[in-house]
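# Working through the structure, step by step
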Amino acid sequence: MPSEKKDVSNAPLRDSARDSPLEAKDIEILSLPGLSVNLRHAGDTLELVANGNLKAVCSPILKNINSRLQEEKPALVQEDRVIASAWLPPVPSPVFRRLIFAEVQIALGKYIPETVSIELTRQNSSRYLPGTVVDEVDAGTIKRIIDEALELGTFIITFTENDPLLREGVFELIEYVDKKRAIVNCSTWGTDFSRETASRLKNAGLHSLMVGIYSTDPEKHDAIRKSEGAYEKAVSAIRLALEAGLVVVMTTHASPSNIKELPALYALASELGVHEFSVWEAMPKTRKEPLITDEDRKNILEMYHRINSCPVGPRMFSNTFLEGQMLGAMAGRRWIHVTADGDVKPSPYPPFSFGNVKKKPLKEIWQKIRSYPYFQKQNSLTPMHDPEFMEFVDRIPIGAKLPYPFEKVYRR
């Protein structure tokens, strides 16, 4: 039987000292010369309110966040905080304060890599050929990357791609992140997941565990993972993580081959009792690969709004909404990715490197990405769905080692 998770999605915040609805009060989130942002907190109502001469600068992002807090159910309500989404820091928290500060900076024209995703290993990866030799970034360098990311203003560190939990020392790396400056997410295939693994992740301060399931048909999921029994391992990982008290997200990719299966996948997420069902649009590797259509995106958005307006069941996250309607494409604007051998990309998907952290500081590489006009303009399409960006991909020589240096295909 799936692990039961108490549904508190509509419950008011509680004062742990009195176990009663919190009285109306304002909590200071951010205070800068010319700007203050407070969290207005009354019973089960949360609202961010800005004051000062710079109020107009952060009004758009506060409007977006307030809409999410008031119109959509959160992933989890706890006694002293709300986790609106596993992809966002809790409200209120020191990390959420960093989110507001980062958005103010972006509104003033200074873009910050709010999310830094780090690939720890290529073990169990269907992206790379068996026997691929990778000089994985050592733990000391990963810690330096984390420190440099936090100095840049990053507030989400995600260990992702392949199965990060197969990397020796992963728990130490999760624990290393300063939890007052960033939340830590980690994905897993459930490859070698045990009750002890779940407990160690909880003790290390993991914000949320992301477990990918790509079909409700175990054989289809196993085929995608290229590993027999992968489906059962993923389901087992979800159950064990929930038992340990972790925030758990069931993730999937929306592709032409499984777009009609999304309702069934959500039903599975509900049955398992996860906190959030996360849907990312699948990314092609070449222009010839099929993409989801505008009609598919319309259906995803309809599903997103319908699910998140319903008080029961897991919340739904969708990059179709976050990037397509709320913030715009994040790659190279609010997001950078570090591969297992140190190459830095705008996100995990573009086949380009802008530098390697073994040779250059993360700040220098981020500035290089930001120097290209393509990443300076807003776009609602993620790069690998954008015909303009795919022209760069088309210029990669056949048989070239990936990720390919972007400067070799860029023409000013």
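Residues numbered from 1 in each chain as written. Predicted model: local features only at pLDDT ≥ 70, side-chain atom pairs only at ≥ 80, totals over all residues. Heavy atoms only, no water.

### Overview of the overall build of the protein chain
Scanning the protein chain from terminus to terminus reveals 13 helices and 18 strands. The globule rule puts the C-alpha radius of gyration for 412 residues at 22 Å, and the 21 Å found for the protein chain is close to it. For the protein chain, the C-alpha atoms occupy an extent of roughly 65 × 55 × 45 Å along the three principal directions. Counting every position in the protein chain, which comprises 412 residues, the buried fraction comes to 57%. Sequence-distant contacts in the protein chain: of pairs separated by 6 or more residues, those separated by 24 or more amount to 66%. Carbon and sulfur atoms make up 50% of the accessible area of the protein chain, which amounts to about 18,400 Å² in all. A gap of 5 Å separates the mean positions of the 53 positive and 54 negative side-chain charges of the protein chain. (Helix = DSSP H or I, 4+ residues; strand = E, 2+ residues; numbered from the N terminus. Rg over C-alpha atoms; globule rule 2.2 N^0.38 Å. Buried < 20%, exposed > 50% of the residue type's maximum accessible area, 1.4 Å probe, protein only. Contact = heavy atoms within 4.5 Å. Areas by Shrake-Rupley, 256 points an atom, 1.4 Å probe, with all protein chains shown as cover. Lys, Arg positive; Asp, Glu negative; His and termini not counted. Charge placed at Lys NZ, Arg CZ, Asp CG, Glu CD.)

### Comments concerning the packing of helix H9 (residues 294–308) against helix H10 (residues 319–326)
One can describe the packing of H9 onto H10 by two numbers: an axis separation of 9 Å at closest approach and a directional angle of 105°. Our classification of the angle between H9 and H10 gives roughly perpendicular. Two secondary-structure elements touch here, H9 through Arg297, Ile300, Leu301, Tyr304 and His305 and H10 through Thr320, Phe321 and Gln325. Taken together, the residues that form the contact of H9 with H10 break down as 4 nonpolar, 3 polar and 1 charged. (Axes fitted to C-alpha atoms, helices over the stretch in contact; angles between N-to-C directions. Parallel < 35°, antiparallel > 145°, perpendicular 65-115°, else oblique. Nonpolar A, V, L, I, M, F, W, Y, C, P; charged D, E, K, R; others polar.)

### What about the nonpolar core?
Taken as a class, soluble globular proteins show a tendency for nonpolar side chains to be buried jointly. One finds Val37, Ile100, Phe159, Met250 and Phe352 to be the most contacted residues of the largest nonpolar core, which totals 128 residues. Looking at this core element by element, the count peaks at 8 residues for helix H7 (residues 230–243). (Core = buried A, V, L, I, M, F, W, Y, C linked by side-chain atoms within 4.5 Å.)

### A closer look at the pairing of strand E9 (residues 156–160)
Most of E9 is tucked away: 5 of the 5 residues are buried. Alternating positions in E9 separate into two faces, Ile156, Thr158 and Thr160 on one and Ile157 and Phe159 on the other, with burial throughout. Bridge count for strand E8 (residues 115–119) against E9 is 5 bridges, and the pairing is parallel. Counted as the bridge partner of Ile118 is Phe159 from E9. As defined by bridge partners, E9 adjoins strand E10 (residues 183–188) across 4 bridges and the pair is classed as parallel. Each bridged residue has a counterpart across the sheet, and for Phe159 the counterpart in E10 is Cys186. Regarding the hand of the β-α-β motif, the stretch spanning E9, helix H4 (residues 170–176) and E10 is right-handed. (Pairing = 2+ DSSP bridges. Right-handed = clockwise from strand over helix to strand, strands pointing away.)

### Details of the pattern of salt bridges
On inspection of all chains with the given rule, the structure shows 15 salt bridges. For the salt bridge of Arg315 with Glu276, the shortest nitrogen-to-oxygen distance reads 2.8 Å. Pair noted here: Arg315 is in strand E14 (residues 315–318) and Glu276 is in strand E13 (residues 276–281), with a separation of 39 residues, a long-range link. Judged by its relative accessible area of 6%, Arg315 is buried. Of the charged contacts, one joins Glu302 and Arg306 as a salt bridge, the two residues approaching to 3.2 Å between their closest N and O atoms. You can see Glu302 and its partner Arg306 sitting in helix H9, 4 residues apart, about one turn around the helix. Of the residues examined, Arg306 reaches a relative accessible area of 45% and is grouped as partly exposed. Salt bridges sharing partners connect three or more residues here, namely Glu72, Glu276 and Arg315. (Salt bridge = Lys/Arg side-chain N within 4 Å of Asp/Glu carboxyl O.)

### Describing the environment of Tyr374
Structurally, Tyr374 can be placed in helix H12 (residues 373–376). Taking relative accessible area as the criterion, Tyr374 reaches 3% and is therefore assigned buried. Separated by 97 residues in sequence, Tyr374 and Phe277 have C-alpha atoms that sit 31 Å apart. Within the structure, the side chain of Tyr374 is placed 2.7 Å from the side chain of Asp386, a separation counted as a polar contact. (Polar contact = N/O pair within 3.5 Å; in protein donor to acceptor, adjacent residues only side chain to side chain.)

### Observations regarding the side chain of Ser353
Relative to the helices and strands, Ser353 is located in strand E17 (residues 352–353). The exposure class assigned to Ser353 is buried, which follows from its relative accessible area of 7%. Reaching out from Ser353, the side chain makes a polar contact with the side chain of Asp343 at a distance of 2.9 Å. Setting aside anything within four residues of it in sequence, one finds Ser353 in contact with Asp343, Val344, Pro403, Tyr404, Pro405, Phe406 and Glu407.

### Describing helix H5 (residues 195–204)
Along H5, the residues that are buried comprise Thr197, Ala198, Leu201 and Ala204. Take H5 and look down its axis: the buried residues cluster within an arc of 130°, on one side only. Pointing more than 90 degrees away from the buried face of H5 are the exposed residues Arg195, Glu196 and Asn203. Against the buried residues of H5 lie H4, strand E11 (208–212) and H7. A positive phi of about 90° marks Gly205, the residue just after H5. (Arc of directions from axis to C-beta.)

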